[in-house]
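Fold and geometry: a report
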Amino acid sequence: MGRIVLEQITKSFGSTQVIPPLDLTIEDGEFTVFVGPSGCGKSTLLRLIAGLEDVSSGRITIDGQDATELAPAKRGLAMVFQSYALYPHMTVRKNIAFPLRMAKMGPAEIEKRVNNAASVLNLTDYLDRRPGQLSGGQRQRVAIGRAIVREPSAFLFDEPLSNLDAALRVGMRLEISELHKRLTTTMIYVTHDQVEAMTMADKIVVLRAGHIEQVGSPLELYKNPRNKFVAGFIGSPKMNFLEGDEAKRHNAHSIGVRPEHIEVSDSKGDWTGVVGVSEHLGSDTFFHIHDTGLAETITVRAGGEVGFRHGDRVHLTPRSDVIHKFDAQGLRI
Amino acid sequence: MATQQSRTLARYMMAPAVILLLGWMLVPLTMTLFFSFKKYLPLRGDSLENGLEWVGFQNFVRFISSSAFWPSVSTTMIMVGGVLIITVVLGVFLAILLDQPLWGQGPLRILVIAPFFVMPTVTALVWKNMFLDPVNGLFAHLWKFFGLSPVEWLVDYSLGSIIMIVSWQWLPFATLILITAIQSLDSEQLEAAEMDGASAFHRFIHIVLPHLSRAITIVILIQTIFLLSIFAEIFVTTGGAFGTKTLTYLIFQRVIDSQNIGLGSAGGVYAIILANIVAIFLMRIVGKNLDR
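Because the structure is a prediction, the values reported are computed rather than measured.

In terms of regular secondary structure, chain B is built from 13 helices and two strands. Taking 292 residues into account, the globule formula puts the C-alpha radius of gyration at 19 Å, and chain B, at 24 Å, lies well above it. Oriented by its inertia axes, the alpha-carbon framework of chain B measures out at about 75 × 75 × 30 Å. Burial analysis of chain B (292 residues in total) assigns 31% to the buried set. Sequence separation of 24 or more characterises 69% of the internal contacts of chain B that already satisfy a separation of 6 or more.

Below, the structure written as structure tokens:
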């Protein structure tokens, strides 16, 4: 239904190549997240799949059919935009019905599908309002509604939650995940937020400067990052990287230890340092440790009850089984 | 304007402008009303010093029963309507074209706006002598090139010619307003519509045109105000002959050619009434676009 295959895709704007040759397969029913820092080409890649940009070379296949030259509407994909891109002069009902009207569907069928989508997305009470009278989260739902009535073979999301406030974002994240579980349609989701990627994805595609750095399930990327970039990008707080003697001891150019894999104690440990800032989240506490002689700061995650203060001297012990080793090129050993 | 003090100050600061504008409007309006009820023929020796004879509604009756009145009203409406249709349709078209990325966009936009800076009298003279003249005009040469006999534009198609001249003059204004409106259209909306399967035509009808509705309303309202009082273009080209006599021009003829100030003032009052009727209709039709 929604298997998307990219073969040797490239995209250049003028003389600058934004996407170097790239291969990627998105399986039917998969929730794939493109994640990477801003300007890494993830949105461009999505727009290439959508057909809003033409590929410079390469082939896009959707459900076994060559879609490289196909117009966006003919690809059977639906897209949710960052700005929602609702039509401001139309009511919610008309917004959702627009793609069906363009497909010359009968009014009875349109009515049925719109009502169906509205009940799925809790929009029934707002059908006769205009987008301007809705809140951010409701607008987001209308945009999703407009996408699902078409029953596309795949959904494309372009940073859909970045305009929402933090609390709403968590809620919408769940709703989209639930929607995916219910529809089991292929979804491609672009974000720069690794938390969204980790929580929602079946498969994460980490991009940097148009290159695919690694493809895998969230836990795969967390446990076995292929290089330093992926290791640093996935996981929050960020992984600690150490170079020099400590790395040599592990026969590596540099080593990485996640904050949650370091024990902190006041009596004994491998490393010593002084507590700088400590961030109390209630369930957890993040300590930023200075003067370890290993790196400028080392971030450590401890339980919420651990109560070191600014200036306390503490001892750190990394869990030896989860130390990541990297060579001089930053690749995992 | 938060405090009592700043509100009072604001009133004092605005007072000169308000007083000036009110005076500017009220004095001529009162004088027009005053003259419209008087017999005032300067060449027959009537003057303000000698006192003017009160004639009641005689001027009004005479103005409206003249055979030139109703044709002048319909000419006015045709002229205003014609110019509005041409400028809005072509203006939308030009605005879309000029919004495309193209080479030399900056200079091109200035060139498009240029006709608006030419004075109406000059515009009319340029068109009359350079384009429409049946002997030396550009169109005459064009017609002769194809072996056709030149058209006497200002005689045979007088009203159409004037509509064309005035449209040429006002098209830049419409384009200018509409191009700024079109630039504020969110490109993601167009992309969303494209993904939704809307053709270029449907995108124009369902997305671009509704987005422009407010700007189009403003163009129509502002242009109507100015178009109701077109004068120079008619004066310079046909002098009101060949069915180009608008209400404004008729009033001019009554006052200047016939030297009948009372009659002309009555016509002026009719012109005010006509303008208000047009305004009411326009606000009914397009005014709701401004509320959104």
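And the narrative resumes.
All right, on to the nonpolar core then. In terms of nonpolar packing, the biggest core is built from 136 residues, with Met79, Leu156 and Ile188 of chain A touching the most fellow members. Per element, the largest residue contribution to this core is eleven residues, and it comes from helix H8 (residues 158–183) of chain B. Composition of this core by domain shows at least three residues from each of domain 1 (4–232) and domain 2 (239–326) of chain A. In contact with isoleucine 188 of chain A, not counting residues within four places along its chain, are Ile26, Thr32, Phe34, Leu46, Ile49, Ala154, Leu156 and Phe157 of chain A.

Okay, the interface of chain A and chain B next. Each partner contributes to the interface: chain A provides 15 residues, whereas chain B provides 13 residues. Going through the elements one at a time, strand S6 (77–80) and helix H2 (92–102) of chain A are the ones with two or more residues in the side of chain A that touches chain B. The leading source of residues in the side of chain A that touches chain B is H2 of chain A, at three residues. When grouped by side-chain class, the residues that make up the side of chain A that touches chain B number 13 nonpolar, two polar and no charged.

So, on to the domain arrangement of chain A. Residue and element names in this part refer to chain A. The domain boundaries assigned to chain A delineate domain 1 (4–232) and domain 2 (239–326). One C-alpha centre belongs to domain 1, the other to domain 2; they are set 38 Å apart. The partner domain 2 presents five residues to the five residues of domain 1 that form the contact. Tallied by class, residues from the side of domain 1 that touches domain 2 come to two nonpolar, two polar and one charged.

A separate point is the packing of helix H10 (residues 200–227) of chain B against helix H13 (residues 261–286) of chain B. Residues and elements named next belong to chain B. At a closest axis distance of 11 Å, the pairing of H10 and H13 adopts a crossing angle of 175°. For the element pair H10 / H13, the angle class is roughly antiparallel. Every residue of H13 that contacts H10 at Thr217, Ile220, Leu221 and Thr224 is listed here: Val278, Leu282 and Val286. Tallied by class, the residues present in the contact of H10 with H13 amount to five nonpolar, two polar and no charged.

Let us look at the sheet that holds strand S4 (residues 57–62) of chain A. By way of backbone hydrogen bonds, the strands of a sheet pair with one another, either parallel or antiparallel. All names here are of chain A. The four strands are arranged S2-S1-S4-S5 in an open sheet whose pairing can be described as antiparallel. The open sheet has two edge strands, strand S2 (16–26) and strand S5 (65–66), and neither has a second partner. Sheet topology places strand S1 (residues 4–13) next to S2; seven bridges connect them, and they run antiparallel. Following the sheet pairing, serine 12 is matched in S2 by glutamine 17. Contacts from helix H1 (residues 42–50) reach S1, S2 and S4, with the element oriented near 115° to S1.

With that out of the way, let us pick up the sheet that holds strand S17 (residues 313–318) of chain A. All names here are of chain A. Spatial ordering of the open sheet is given by S13-S17-S14-S15-S16, a layout of five strands whose pairing is antiparallel. The open sheet has two edge strands, strand S13 (262–265) and strand S16 (298–303), and neither has a second partner. Each neighbouring strand pair of the sheet contributes to a mean axis angle of 45°, computed without reference to strand direction. Note that S13 and S17 share four bridges and pair antiparallel.

Residue and element names in this part refer to chain A. The antiparallel hairpin formed by S1 and S2 contains two residues in its connecting segment, where glycine 14 sits at a positive phi of about 65°. With five bridges connecting them, S1 and S4 associate as antiparallel partners. Residue pairing across strands places valine 5 opposite threonine 61, the latter belonging to S4.

Residues and elements named next belong to chain B. Within helix H12 (residues 247–257) the residues assigned to the buried category are Leu247, Thr248, Tyr249, Leu250, Ile251, Arg254 and Val255. Taken together, the buried residues of H12 touch helix H3 (69–99), helix H11 (232–237) and H13. Positive phi shows up at glutamine 259, right after H12, with a value of about 50°.

Once that is clear, we can look at the pairing of strand S12 (residues 254–257) of chain A. Residues in a regular strand project their side chains so that they alternate between the two faces of the sheet. Residue and element names in this part refer to chain A. Residues Ser254 and Gly256 line one face of S12 and the alternating positions Ile255 and Val257 line the opposite face, and both faces are buried. Two elements, strand S11 (residues 240–243) and S12, share four bridges in a ladder whose sense is antiparallel. Along S12, the bridge assignment pairs asparagine 240 with valine 257. Two strands pair when backbone bridges link them, and S12 and strand S18 (residues 324–326) are joined in this way by three bridges, in the antiparallel orientation. Paired with serine 254 across the strands is phenylalanine 326, a residue of S18.

Here the residue pair serine 236 of chain A and proline 237 of chain A is connected by a cis peptide bond, since its omega of 0° sits within 30 degrees of zero. Examined against the element boundaries, proline 237 of chain A turns out to sit in the loop between helix H8 (228–233) and S11. Of note, aspartate 291 of chain A is a non-glycine position whose phi angle comes to about 55°, a positive value. With respect to the secondary-structure elements, aspartate 291 of chain A resides in the loop between strand S15 (284–290) and S16. Overall, aspartate 291 of chain A belongs to the partly exposed group, with 13 C-beta atoms counted inside 10 Å. A positive phi angle, close to 50°, is found at glutamine 259 of chain B, a residue other than glycine. With respect to the helices, strands and loops of the structure, glutamine 259 of chain B is situated in the loop between H12 and H13.

Here we come to the environment of isoleucine 298 of chain A. Residues and elements named next belong to chain A. Turning to its location among the elements, isoleucine 298 is positioned in strand S16. With 40 residues separating them in the primary sequence, isoleucine 298 and arginine 258 have C-alpha atoms 9.6 Å apart. Those residues in contact with isoleucine 298, other than ones at most four positions away along the chain, are Asn240, Gly273, Ile289, Thr292 and Leu316.

Thresholds applied
- Residues numbered from 1 in each chain as written.
- Chains lettered and ligands numbered in written order.
- Predicted model: local features only at pLDDT ≥ 70, side-chain atom pairs only at ≥ 80, totals over all residues.
- Helix = DSSP H or I, 4+ residues; strand = E, 2+ residues; numbered from the N terminus.
- Rg over C-alpha atoms; globule rule 2.2 N^0.38 Å.
- Buried ≥ 20, exposed ≤ 12 C-beta atoms within 10 Å, placed from the backbone.
- Contact = placed C-beta atoms within 7 Å.
- Core = buried A, V, L, I, M, F, W, Y, C linked by C-beta atoms within 7 Å.
- Domains from an automatic or database assignment.
- Nonpolar A, V, L, I, M, F, W, Y, C, P; charged D, E, K, R; others polar.
- Axes fitted to C-alpha atoms, helices over the stretch in contact; angles between N-to-C directions.
- Parallel < 35°, antiparallel > 145°, perpendicular 65-115°, else oblique.
- Pairing = 2+ DSSP bridges.

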